[in-house]
Amino acid sequence: MASAMACLVSTGTGAAFASAQTAGTMDTIALRTIAPGPNTARSILATSEPERTVPTVSLQQDWPSPVNDQEHRLFTLVDVLEYRPSTAKRESTSDYRWDIEGWYGGDYNRLWFKSEGQRDTAFKADYDVDFQLLYGRFIRKYYDIQVGGRVETQSFRGANVTRGQTVIGIEGLVPYNYDVEAALFIDLDGKVSGRLSLTKDFLLTQRLILQGRFETSAAVQRVERFTTGSGLNYLEFGMRLRYEIRREFAPYIGFSLDRSFGETATLVRQEGGDPSQIRLVTGLRAWF
Amino acid sequence: MPNTFGPISRRLLLKRAGALGLLTAMQHLLLACRINSLIPSALAGTQPAMLSGEVIDLDIGEYRFTVGDRSAPAMTINGTIPGPLIRLKEGQEATLRVTNRLAESTSIHWHGILLKPDMDGVPGVSFGGIAPGTTFIYRFPVQQSGTYWYHSHSGGQELQGMYAPMIVDPIEPDPFQYDREYVVMLSDWTVESPETVLSNLKKLPGYYNFQRRTLGQFFEDASRMGWWPALQDYLMWDQMRMDPTDFADVTGYTFTYLLNGVSPAANWTGLFRPGEKVRLRFINAAAMTFFDVHIPDLKMTVVQADGQNVQPVIVDEFRMGVAETFDVIVELPEDRAYTIFAETMDRSGYARGTLAPRAGITAAVPPRRPRPVRTMADMGMPMEHGGMGGMKDPHVSGMQMPGMEPSSDTPHGQEMPHMHGIQEMPGMKADDQRRSKIPGIEPVKHGPDDHGTGNQMIAEYSRNMMHEPGRGLEGSSRRVLLYTDLKSLTPYPDQREPEREIELHVTGNMDRYMWSFDGETYSESQDPIRFRYGERLRLTLVNDTMMEHPLHLHGMWMQLENGTGAYLPRKHTVIVKPAERVSVAITADAPGRWAFHCHLLLHMEAGMFRVVEVSDNTHGGHS
């Protein structure tokens with residue numbers, strides 16, 4: 001049987017021959033694993049070592065991975081980016097709101113970033129914006145445990161206020177296909193609050209999709225500076241009907257029911273806001 | 001059948017060797033291959049190519065490929081999609097010089113060909129790849145015959161057009177007659193780059209599925225099965241966080257399905273003279289697509305599977321997992337056209353061609369069937385004896401034909417009554433020496449290991465389903481090829497009972513488009529699966545996912561343990577259905593490191609890949 005020979009011919013300069021892996025017939029192979037040692041592909045190329053009986057059982061160190069299963073990717077989801085026209089019956093102006101999140105990483109370990117923001121003159125502060133940066137670890141088949149920091153800033157009583165918080169959260173898909181995001185925020189001075197949101201998609205057609213959205217937040221301590229009472233702060237319930245022109249690009253219309261409770265509602269009233277309102281929304285859901 | 005498959009006549013042999021019929025046929029094929037293909041500049045200087053001989057040169061280059069009115073960059077072998085047909089002769093020494101004119105590394109893997117590992121062409125397993133601007137010379141003795149193919153094993157190049165047929169003519173002529181032959185190579189093509197497709201799936205696993213359940217469909221189901229059962233069914237799937245319409249990760253939304261490189265609209269046509277028998281060499285070279293193939297009004301006689309002769313089986317339809325090949329013979333007595341119809345398993349599209357007595361005539365294209373729905377059986381739920389609660393609708397529950405009587409297998413599988421879903425094997429006749437027990441024919445409970453976060457669910461009970469045609473084909477009035485139909489034409493030499501068993505679970509997490517074995521990707525588990533040189537072992541594959549996976553072992557045959565006794569058929573690629581347990585017997589006669597992976601390209605790329613190492617250094621070799 002002819003020897004099986006691998007030739008690697010460099011087209012530019014002269015030819016370099018790879019090692020001749022001589023094989024006997026199947027029957028005569030005496031099998032031996034090559035002890036790799038410093039035996040890189042290069043040294044095989046350079047020398048004509050005694051014939052091996054087993055071709056390349058050892059992994060060559062400078063070979064690429066056969067599959068690219070550790071690729072890192074960047075994902076950004078603009079779940080809510082919307083305009084909220086003013087309601088006729090009161091003097092409120094038009095408002096806006098966004099909810100963006102995304103990650104960079106692989107299957108298990110991801111760097112998450114999130115931002116929510118709104119201008120809501122009738123409801124709470126003039127604007128309320130937060131940004132989170134979190135490390136996330138994929139666990140239990142469906143969930144990301146997330147730990148990191150959050151910065152929140154509000155314009156309230158004509159002044160800008162800002163606070164930093166530590167975040168411990170969990171995000172994932174729970175039974176019945178609800179996307180759940182829950183987080184605990186701990187102020188630097190120890191004040192604790194939390195937020196929970198749930199969304200779920202209902203397919204009316206393949207592209208016309210109704211998203212239900214529920215969000216609530218609560219605080220252990222009253223933080224008047226941030227229009228936050230202790231206890232339940234607010235509930236938000238919305239329905240947004242989107243049309244996926246492409247998967248990545250879907251304009252929507254819908255409504256949002258927002259209601260403050262308890263101490264928070266009182267604070268909102270003191271500021272001249274309305275603790276309970278229904279807003280029409282129109283916006284864009286997109287990801288890339 | 002016997003008259004069809006009698007010994008070949010000298011005259012026919014000469015006729016074939018004279019190549020008149022064959023070469024004419026091949027030219028039709030190759031001409032048709034390029035009807036819609038590359039931009040003219042890519043074609044300049046190339047001729048329709050069938051390559052054979054002692055030394056064959058292949059050039060890997062980048063061109064643009066046009067389907068319809070859309071074109072995109074393609075990776076090609078000698079400038080065409082598919083690449084040139086390589087025709088070898090059993091017993092020859094093949095020398096294939098592959099020159100890489102791409103800007104990136106490439107490789108060619110000879111799918112199904114037995115050779116030394118350093119000729120197998122898997123970067124990172126058997127060699128380092130072919131660097132840009134270099135030529136790699138593959139050289140190996142050709143020790144087998146049949147229909148095979150070759151393709152890139154580097155990144156997404158296969159999806160971009162790097163695949164082509166390979167035929168090895170036998171020394172002893174095949175024991176069946178035909179007047180003409182065609183390669184029918186099925187594939188999928190998209191203008192999106194492989195990276196984009198995989199990225200879309202990683203970000204939104206249902207990205208390409210536009211056949212999901214909707215409100216409208218709920219009303220339809222409710223009116224058919226009743227409100228409460230329909231609601232229960234929808235809620236059950238929601239509760240499990242699974243999508244019962246997930247039959248293909250990538251669909252006709254982005255894919256155009258090609259037959260010999262030609263779109264359905266362009267309609268590849270193979271010519272015949274009425275009265276001829278034509279051998280069709282089907283090769284599924286798709287990256288991500290299973291096809292269900294049939295030719296309306298024609299019976300197909302399957303004579304080869306994965307390049308290996310099998311006892312002829314007459315069927316109406318067969319399912320092709322990615323990378324499988326089936327050779328069929330069709331008799332064409334009439335002066336009319338026939339449509340070769342290869343519908344995708346998810347029914348989102350099809351590849352199509354025509355067999356016609358004259359160019360330009362066509363036959364009707366059959367209507368597409370509704371897309372199937374996953375069932376409790378796909379989840380490995382214990383449902384064998386009606387433990388299904390309220391699920392009584394066969395469309396939803398997938399309960400298999402309860403009224404069918406157990407039937408015995410007819411010799412050679414011919415004229416077998418339609419018998420999907422019955423328990424064919426357990427009550428086997430003791431007097432039939434061809435029968436053997438099918439491992440896993442009785443449901444096996446899953447062990448306590450749920451394979452971690454990389455695996456979404458487990459098949460609580462897995463069982464062998466080789467006697468079932470597969471989801472979407474059950475209940476068909478057509479005779480569909482079953483894996484239990486495949487019987488080797490002659491017994492293979494190694495008739496030892498496997499000495500030991502390796503069980504490997506096929507796993508994944510659809511929520512993140514993660515794919516793995518035993519819950520771990522290749523990167524997470526680079527330790528090879530060790531076979532002892534010379535041993536006969538049983539590899540048992542258990543599918544814990546809700547998708548069909550075509551699993552491919554390099555370097556050695558897998559013999560389907562499908563109950564055919566001494567006639568276990570050889571396969572290089574084996575479909576494992578959801579919740580199925582499939583055992584293959586392997587003779588570990590090929591020392592070295594070999595790839596074992598899912599042949600859905602993006603599953604492999606996502607990590608459903610292992611190295612199998614055959615050596616005798618562990619635990620004392622045995623022969």
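Thresholds, definitions, all that
Residues numbered from 1 in each chain as written. Chains lettered and ligands numbered in written order. Predicted model: local features only at pLDDT ≥ 70, side-chain atom pairs only at ≥ 80, totals over all residues. Helix = DSSP H or I, 4+ residues; strand = E, 2+ residues; numbered from the N terminus. Buried ≥ 20, exposed ≤ 12 C-beta atoms within 10 Å, placed from the backbone. Contact = placed C-beta atoms within 7 Å. Core = buried A, V, L, I, M, F, W, Y, C linked by C-beta atoms within 7 Å. Arc of directions from axis to C-beta.

### Some words on the overall build of chain A
- Looking only at helices and strands, one finds two helices and 14 strands in chain A.
- Taking all 288 residues of chain A together, the buried fraction comes to 27%.
- Excluding contacts between residues fewer than 6 apart, the proportion of contacts in chain A whose partners are at least 24 apart in sequence is 43%.

### Examining the overall build of chain B
- If you tally the helices and strands in chain B, you get eight helices and 33 strands.
- Contacts in chain B between residues at least 24 apart in sequence constitute 76% of all its contacts with a sequence separation of at least 6.

### A word on the nonpolar core
- Ranked by size, the top nonpolar core spans 158 residues in total, and within it V184, L186, L259, F282, V302 and A342 of chain B carry the most contacts.
- Considering every element that reaches this core, the biggest residue donor is strand β10 (residues 180-189) of chain B, with six residues.
- For L259 of chain B, the contacting residues outside a window of four places in its chain are V184, L186, W268, I340, A342, A351, R352 and G353 of chain B.
- In this structure, W103, L134, A183 and F185 of chain A belong to the second largest nonpolar core, which totals six residues.

### Some remarks on the environment of M300 of chain B
Residues and elements named next belong to chain B.
- Structurally, M300 can be placed in strand β15 (residues 300-305).
- Classification of M300 by C-beta neighbours within 10 Å gives buried; the count is 24.
- Considered as a pair, M300 and G555 are 255 residues apart in the sequence and their alpha carbons are 30 Å apart.
- When near neighbours in sequence (up to four residues on either side) are disregarded, M300 contacts I295, V315, V328 and V330.

### Brief notes about helix α2 (residues 262-270) of chain A
Residues and elements named next belong to chain A.
- All of the buried residues along α2 are T264, L267 and V268. Seen along its axis, α2 keeps its buried residues to an arc of 100 degrees; they face one direction. Those residues of α2 that are exposed and aimed more than 90 degrees away from the buried face are R269 and Q270.
- Lining the buried residues of α2 we find β12 (231-243) and β13 (249-260).
- Downstream of α2 by one or two residues, G272 has phi in the positive range, about 90 degrees.

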